[in-house]
Amino acid sequence: MCLISELAAGKVKDFNTDDILVLPLDTTKYDTHEDAMKTVLDHFNQIDILVNNSGRSQRALAVDTELKVDQDLFDLNVIGSISLTKVVLCHMVERKAGHVVVVSSVQGKFGVVGSATYSASKFAIQGYFSSLRAELYDKGITVTAICPGPIRTASVQNAVTEVSGKSYKDKQIAEDVSGRMEAGKFAKYMSVAVVNKLDECWISPQPVLLITYASQYMPSIFTMLYKRFAIKGLKKLREAKAKEN
């Protein structure tokens, strides 16, 4: 078996196409998860690893956000991963082997202005999979939580706003992504964490990584640093709302 990083880097040239199966899956359609698992088992006979990587970001002030937006974010970011994990866990527990990976966020460590519900969903992910790790420690199943910081993907453009059905790109507001980590670089770091079966891994450029450490180990310093970044983020969101109006 090759490493994920080796496959991504194109170092693996010879592999059987039978080793690849691509299935469409909507993680919010919970009643389809069991059938998807059965299809995978019919093809591979077993599931060694599950990587939960579905989710959506947010750009909106909490006071302006419709409740439907909150509900939709939790369905996608939290319940979808829990549902799929519970289905696959039945198979892993029976085999007494397996690895469950969930992509959380450093926002599961501290709240961020303009992302209250997104942060809440990641706090929920952290709590659920931390408990799951403790429950499964003697069953041969590993649980890894990956906490990325700002990564250069389309997550900003596709982030939800305060109105259900609208994306941040609909506002036609450019956001500076120069300080974000390249997706390929993040994928390599994540693959290392997964292969080594780490319980939890934070992957982020500075200064967000420093802020994450401060929130965990130096809460007083974190509060001081965070006020500076929170005010800047709040100002940006208010200016965007004023421009839209």
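For clarity, every value in this text was computed on a predicted model and none was experimentally measured.

1. Structural notes on the overall build of the protein chain
Tallying secondary structure elements over the protein chain gives seven helices and six strands in all. Along the protein chain, from the amino end to the carboxyl end, the secondary structure elements read α-α-β-α-β-α-β-β-β-α-β-α-α. Buried residues in the protein chain amount to 40% of all 245 residues. Summarising the internal contacts of the protein chain: among those between residues at least 6 apart in sequence, 72% fall at separations of at least 24. Taken as a whole, the protein chain presents about 14,100 Å² of accessible surface, with 56% of it coming from carbon and sulfur.

2. Thoughts on the nonpolar core
Judged by nonpolar contacts, the single largest core of 20 residues is most densely connected at Leu89, Met92, Val100 and Phe129. At seven residues, the largest contribution of residues to this core is made by helix H3 (residues 67-95). Excluding anything up to four places from it in sequence, leucine 89 contacts Val100, Leu132, Leu136 and Ile141.

3. Considerations on the environment of lysine 38
Residue position: lysine 38 is located in helix H2 (residues 33-44). It is 9.5 Å that separates the C-alpha atoms of lysine 38 and valine 88, two residues lying 50 residues apart in sequence.

4. A closer look at the packing of H3 against helix H4 (residues 116-136)
Interhelical geometry of H3 versus H4 gives an angle of 15° and a closest axis separation of 9 Å. Here H3 lies roughly parallel to H4, going by the angle between them. Once H3 is placed against H4, the crossing between them reads as right-handed. Between H3 and H4, the contacting residues are Asp70, Leu73, Phe74, Asn77, Val78, Ser81, Ile82, Thr85, Lys86, Leu89 and Val93 on the first element and Thr117, Tyr118, Ala120, Ser121, Ala124, Ile125, Tyr128, Phe129, Leu132 and Leu136 on the second.

5. Some thoughts on H2
For H2, with twelve residues, the first-to-last C-alpha span of 17 Å sits near the 16 Å given by 1.5 Å per residue. By the burial criterion, the buried members of H2 are His33, Ala36, Met37 and Leu41. When H2 is viewed along its axis, its buried side chains cluster within an angular range of 135° and face the same direction. In this structure, H2 carries Asp35 and Asp42 as exposed residues pointing more than 90 degrees from its buried face. Tucked inside the fold, the buried residues of H2 contact H3. One or two positions beyond H2, positive phi appears at asparagine 45, with a value near 75°.

6. A few points about H3
The periodicity of an α-helix, 3.6 residues per turn, causes residues three or four places apart in sequence to face the same way. Between its first and last C-alpha atoms H3 spans 41 Å; for 29 residues at 1.5 Å apiece the expected length is 42 Å, and the two agree. Isoleucine 79 marks where H3 bends most, by close to 40°. Of the residues one or two after H3, lysine 96 is the one with positive phi, at around 60°.

7. Quick word on the packing of aromatic side chains
Each pair of aromatic rings is reported with the distance of its centres and the angle of its planes. Applying the stated criterion to the full structure yields five aromatic pairs. With a centroid separation of 5.5 Å and an interplanar angle of 55°, the aromatic rings of phenylalanine 110 and phenylalanine 222 are classed as tilted. Of this pair, phenylalanine 110 sits in the loop between strand E2 (98-103) and H4 while phenylalanine 222 sits in helix H7 (residues 219-244); the two residues are 112 residues apart in sequence, bridging distant segments of the chain. A relative accessible area of 8% places phenylalanine 110 in the buried class. What makes phenylalanine 222 buried here is its relative accessible area of 13%. Aromatic rings pair up to connect Trp202, Tyr213 and Tyr217 into one cluster.

Cut-offs applied
Residues numbered from 1 in each chain as written. Predicted model: local features only at pLDDT ≥ 70, side-chain atom pairs only at ≥ 80, totals over all residues. Heavy atoms only, no water. Helix = DSSP H or I, 4+ residues; strand = E, 2+ residues; numbered from the N terminus. Buried < 20%, exposed > 50% of the residue type's maximum accessible area, 1.4 Å probe, protein only. Contact = heavy atoms within 4.5 Å. Areas by Shrake-Rupley, 256 points an atom, 1.4 Å probe, with all protein chains shown as cover. Core = buried A, V, L, I, M, F, W, Y, C linked by side-chain atoms within 4.5 Å. Axes fitted to C-alpha atoms, helices over the stretch in contact; angles between N-to-C directions. Parallel < 35°, antiparallel > 145°, perpendicular 65-115°, else oblique. Left-handed = near helix turned anticlockwise from the far one by under 90°. Expected span 1.5 Å × (residues − 1). Arc of directions from axis to C-beta. Bend = angle between axes of the 7 residues up to and from the residue. Phe/Tyr/Trp six-rings, centres within 6.5 Å; stacked < 30°, edge-to-face > 60°.

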